[in-house]
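What follows is each chain in one-letter form.
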Amino acid sequence: MEADRFEQYARIAAVALLIFGCVLVLRPFVGAILFAAVLCLSTWPAFAWLRDRWGGRNSLAALTLVLVMVVTLATPVALAAQSLIVYSAAMVEAVRGFLDNRSLLQLPPFIRDLPLVGSWLDQYWQLLLQSREELVALGKRLADPAKTMLVALGGAVGEGLLQILIALFVAFFFYRDGERVRLLVLEGMDRLAGKDRGLLLIMTAINAVKGVVYGLLGTALAQALVALVGFVVAGVPGALLLSALTFILSLVPMGPVLVWGGAAAWLYAKDQTGWAIFMVVYGAAVISSVDNFLKPILMSRAGNLSMLLVVLGVFGGAIAFGFIGLFVGPALLAVAWSLTKAWLDRGPVQEAV
């Protein structure tokens, strides 16, 4: 009896050690594996279409889709990291020069010449400038720390690029062996929740992941494209790099404003007031408005996920998994939220397509 109990404890200890060892080995890649799973779930219809069109050649379809993702995901991140690291010093020096030149802080003539209110606005602006002298001096003192922070941010984005490349490498095998993985997941859910209920929960999770990925990445790509058009039209240098930064910062609330607002400030500093006004109007009316109408439409499949959960997922995911957590965090919260609603409501869930 004691020998049997000892053998039982030994088996439990062996399984625990095996699980602990696997966790230690896979811990550095947890974020990349989760991101690969998110990408595969959200793009599986495209993979299935390619595979069927090419006569069931899984490897070729998987490689094609991964290469497309390298262009659409990894390239903007690489450009953003490169621009932050290489041009951070120039950006900080440009801001310092802008603060040193007090004439650039004056209101443009067309505002000062406005009837009735022009002179009043100019007087009030001069009063604000006088009270902001200490703030301007503080801003110049913070120039060097800001330069260091931008370089560190570029390094973090570069680390995120490495995570994305690892995730795409993992995604290739997920695509190639996806049918076997699907059968394993179905078998596991059958044992945990029953056949019908398990399938329902899987469909709920797939819909949630698709909604978040389409909402975040779709909106990011759309904002980057319209921003690229605006930067090119306004003659802003480095339009491609700025659009890549827009892609990254679109994941953060009000992030794109920093890019097109900075471009407008640069145009104004170069005495291109008309184009600066165009950039502000275009940024507010076109670039930022994409987030207001496109994201809710694309994320409707995520079970009407609260924007609060999206924001918490973005920042919490970044803290937990680094740069790649910007994508993984909202997807995890969306799955948890949708599964919780399905468990509480026990209502029908639309089948994933």
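Computed from a prediction, not measured in an experiment: that's the story for all the values here.

## Considerations on the packing of aromatic side chains
Here comes step 1: All chains considered together, the criterion is met by seven aromatic pairs.
Here comes step 2: The interplanar angle of 45° and the centroid separation of 4.8 Å between the aromatic rings of Trp 44 and Phe 47 together place this pair among those described as tilted. Here Trp 44 pairs with Phe 47, and both are found in helix H2 (residues 30-53), just three residues apart, close to one helical turn.
Here comes step 3: A residue is classified by how much of its surface remains accessible, and Phe 47, at 0% relative accessible area, is buried.

## Structural notes on helix H13 (residues 307-321)
Here comes step 1: Under the 1.5 Å per step criterion, the end-to-end length of H13 is 20 Å for 15 residues, consistent within 8% with the ideal 21 Å.
Here comes step 2: Those residues of H13 that sit buried are Val 310, Gly 313, Val 314 and Gly 317. In an axial view of H13, the angular spread of the buried residues amounts to 100°, which keeps them on one side of the axis. Exposed side of H13, more than 90 degrees from the buried face: Leu 308, Ile 319 and Ala 320 are the residues found there.
Here comes step 3: Just downstream of H13, Gly 322 is the residue with a positive phi angle, here 85°.

## Topic: the packing of helix H10 (residues 239-249) against helix H11 (residues 255-269)
Here comes step 1: Interaxial distance between H10 and H11 falls to 7 Å at its minimum, and their mutual angle equals 160°. The pairing of H10 with H11 is recorded here as roughly antiparallel in orientation. In this structure, the crossing between H10 and H11 has a hand that is right-handed. Where H10 abuts H11, its residues Leu 242, Leu 245, Thr 246 and Leu 249 lie against Gly 255, Pro 256, Leu 258 and Val 259.

## A look at the pattern of salt bridges
Here comes step 1: All told, the structure shown has three salt bridges when counted by the stated rule.
Here comes step 2: Here Arg 176 ties to Asp 177 by a salt bridge, and the two come within 3.4 Å at their closest N and O atoms.
Here comes step 3: A salt bridge links Arg 180 to Asp 177; the shortest N-O distance between them is 2.6 Å.
Here comes step 4: Judged by relative accessible area, which is 57%, Arg 180 ranks as exposed.

## Overview of the confidence of the model for the chain
Here comes step 1: Summarising the model, the chain shows a mean pLDDT of 75, and 72% of its residues fall at 70 or more.
Here comes step 2: When pLDDT is averaged over each helix and strand of the chain, the minimum, 52, is found for helix H6 (residues 133-141) and the maximum, 87, for H2.
Here comes step 3: Within the model, the stretch residues 348-353 combines pLDDT values under 50 with 14 contacts to residues more than four positions away or in other chains.

## Observations concerning the nonpolar core
Here comes step 1: One finds Phe 35, Tyr 175, Phe 231, Val 236 and Met 279 to be the most contacted residues of the largest nonpolar core, which totals 63 residues.
Here comes step 2: Take this core: its biggest share by element is twelve residues, from helix H9 (residues 195-234).
Here comes step 3: Counting five residues, the second largest nonpolar core, distinct from the first, contains Met 189, Leu 201, Ile 202 and Ala 342.

## Some thoughts on a nonpolar patch on the surface
Here comes step 1: Taken together, the side chains of Val 15, Ile 19 and Val 23 make up a nonpolar region of the molecular surface, amounting to roughly 260 Å² of accessible area.
Here comes step 2: Its location among the elements puts Val 23 in helix H1 (residues 2-26).

## Brief notes about the side chain of Ser 289
Here comes step 1: Structurally, Ser 289 can be placed in helix H12 (residues 273-298).
Here comes step 2: Given the relative accessible area of 18%, Ser 289 is considered buried.

Calculation criteria
Residues numbered from 1 in each chain as written. Predicted model: local features only at pLDDT ≥ 70, side-chain atom pairs only at ≥ 80, totals over all residues. Heavy atoms only, no water. Phe/Tyr/Trp six-rings, centres within 6.5 Å; stacked < 30°, edge-to-face > 60°. Helix = DSSP H or I, 4+ residues; strand = E, 2+ residues; numbered from the N terminus. Buried < 20%, exposed > 50% of the residue type's maximum accessible area, 1.4 Å probe, protein only. Expected span 1.5 Å × (residues − 1). Arc of directions from axis to C-beta. Axes fitted to C-alpha atoms, helices over the stretch in contact; angles between N-to-C directions. Parallel < 35°, antiparallel > 145°, perpendicular 65-115°, else oblique. Left-handed = near helix turned anticlockwise from the far one by under 90°. Contact = heavy atoms within 4.5 Å. Salt bridge = Lys/Arg side-chain N within 4 Å of Asp/Glu carboxyl O. pLDDT = per-residue confidence, 0-100. Core = buried A, V, L, I, M, F, W, Y, C linked by side-chain atoms within 4.5 Å. Patch = residues over 30% accessible without salt bridge, like charges linked within 9 Å, V, L, I, M, F, W, Y side chains within 5 Å. Areas by Shrake-Rupley, 256 points an atom, 1.4 Å probe, with all protein chains shown as cover.

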